[in-house]
Amino acid sequence: MVDAASDVDVSTADEQASAVAAATALIDAFLDGIWLEEGLARNTIDSYRRDLLIWAQWLAQERGQHDVLQVDRDTVQAFLARQARDLKAASLARRMASLRKFYQYWRARERLTLDPCAELVTPKRVRPLPKSLPEDTIEALLDAPDLDTPAGLRDRALLELMYATGLRVSEMVSLPLSQLHLRERYLRVLHGKGDKQRLVPLGEVASEWLERYLQTARPLLVKHASEPCLFVNQRGEAMTRQGCWFIIKQYATAAGVAASQLSPHVLRHAFATHLLNHGADLRVVQSLLGHADITTTQIYTQVAAERLKSLHQQHHPRG
């Protein structure tokens, strides 16, 4: 005897799968279109894809909606209200931005009459102060690698370079040898939309460690002379972001720093904060970090001010 309820369940599952597949095709077409038009970074494209697939799956499973382009404002608001239970304000705002971009794209191509995201209000983003570390903690971290091994020498050069330049981890692991100019002591870094270029100076200490790594460690690690990336893993291939994070976490433990306190981005924050603590101009720090907007950099002045306040309270007799 055939179970009618099972038939209904299978039919519903098939319909949902079909709806998600149709939505995925529209999402892929949208992503291809904006990539060609705007030259967005891969991480941005991937974020759009994740957000929009979550939206398409919710529509199919929770609302039985089979056409992602035939939705109204109330449906979008219901989705965002559900998402708000689990997401921080920043993540929710990004998800809203993904929906807006998607529907603006198809509205411009006359695939829908009304944009269901036209009157949505983005939740206010509360930006927390970036985490940083004291200079003596950074010194302990830099001293942690075992310099008697090729991997340890690589890691010391990696940590020194991250702290000396404030590079993003994605910029670090993808940095080609051709963009490193040791004699002149600077890096040429491509970043952001359209691969904008910025020049980042190298200090004497970082340059010395990089030279040691290139002369004695990298030749033992790399398997193919044609490998373009500066930093390679144990297999001789370009290091990944996950591999970089694992290295930093490993030395955090060795240096007595809680893993929760340290990440590749914390080294970038330490670079910026320590520069400001020692009197660097905010515009210079903005340029070194590759920030398009000075307001992004200004948050580090708050970190520096908090540090000065703490030192005053600790050491002044009337603090």
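Scroll up a little and you will see the structure.
Residues numbered from 1 in each chain as written. Predicted model: local features only at pLDDT ≥ 70, side-chain atom pairs only at ≥ 80, totals over all residues. Heavy atoms only, no water.

Q: Account for helix H6 (residues 150-165), naming residues and giving values.
A: Spanning 16 residues, H6 covers 22 Å between terminal C-alpha atoms, matching the ideal 22 Å at 1.5 Å per step. The element H6 is largely enclosed, with a buried count of 14 among its 16 residues. Immediately downstream of H6, the backbone of Gly 166 shows phi near 70°, a positive value. (Helix = DSSP H or I, 4+ residues; strand = E, 2+ residues; numbered from the N terminus. Expected span 1.5 Å × (residues − 1). Buried < 20%, exposed > 50% of the residue type's maximum accessible area, 1.4 Å probe, protein only.)

Q: Which residues make up the layout of surface pockets, and what values go with them?
A: There is about 310 Å³ of room inside the second largest pocket. Together, 19 residues line the second largest pocket, and Tyr 163, Ala 164, Thr 165, Phe 271 and Leu 275 are the ones closest to its centre. At the level of secondary structure, the elements contributing two or more residues to the lining of the second largest pocket comprise helix H5 (135-142), H6, strand E3 (196-201), helix H8 (204-221) and helix H10 (264-277). Tallying contributions element by element places H6 first for the lining of the second largest pocket, with four residues. Along the lines of polarity and charge, the residues of the lining of the second largest pocket split into 11 nonpolar, four polar and four charged. (1 Å grid on protein atoms, 1.4 Å probe; cavity = no way out; pocket = protein on both sides within 12 Å on 5 of 7 lines; lining within 4 Å. Points joined across faces, edges and corners; volume = space filled by probe spheres on them. Nonpolar A, V, L, I, M, F, W, Y, C, P; charged D, E, K, R; others polar.)

Q: Summarise the packing of aromatic side chains; cite the residues concerned and give the values.
A: For the structure shown, the criterion picks out nine aromatic pairs. A centroid spacing of 5.0 Å and a plane angle of 85° characterise the contact between Tyr 105 and Trp 106, whose relative ring orientation is edge-to-face. Grouping residues by exposure puts Tyr 105 and Trp 106 together as buried. Ring pairing ties together the aromatic residues Phe 30, Tyr 48, Phe 102, Tyr 103, Tyr 105 and Trp 106, which thus form one cluster. Of note, Arg 109 hangs over the ring of Tyr 105, and the distance from its end group to the ring centre comes to 3.5 Å. (Phe/Tyr/Trp six-rings, centres within 6.5 Å; stacked < 30°, edge-to-face > 60°. Lys NZ or Arg CZ within 6 Å of the ring centre and 35° of its normal.)

Q: Tell me what's going on with H5, and back it up with residues and numbers.
A: Among the residues of H5, Ile 138, Leu 141 and Leu 142 are the ones counted as buried. Down the axis of H5, the buried set is contained in an arc of 95°. They therefore lie on one face. (Arc of directions from axis to C-beta.)

Q: If you had to explain the environment of Ala 23 to someone new, which residues and values would you point to?
A: Locating Ala 23 in the fold gives a position in helix H1 (residues 4-38). In this structure Ala 23 comes out as buried when scored by relative accessible area, which is 4%. A C-alpha to C-alpha distance of 8.3 Å links Ala 23 and His 66, two positions 43 residues apart in sequence. Not counting residues up to four positions away in its chain, the partners in contact with Ala 23 are Ala 56 and Val 68. (Contact = heavy atoms within 4.5 Å.)

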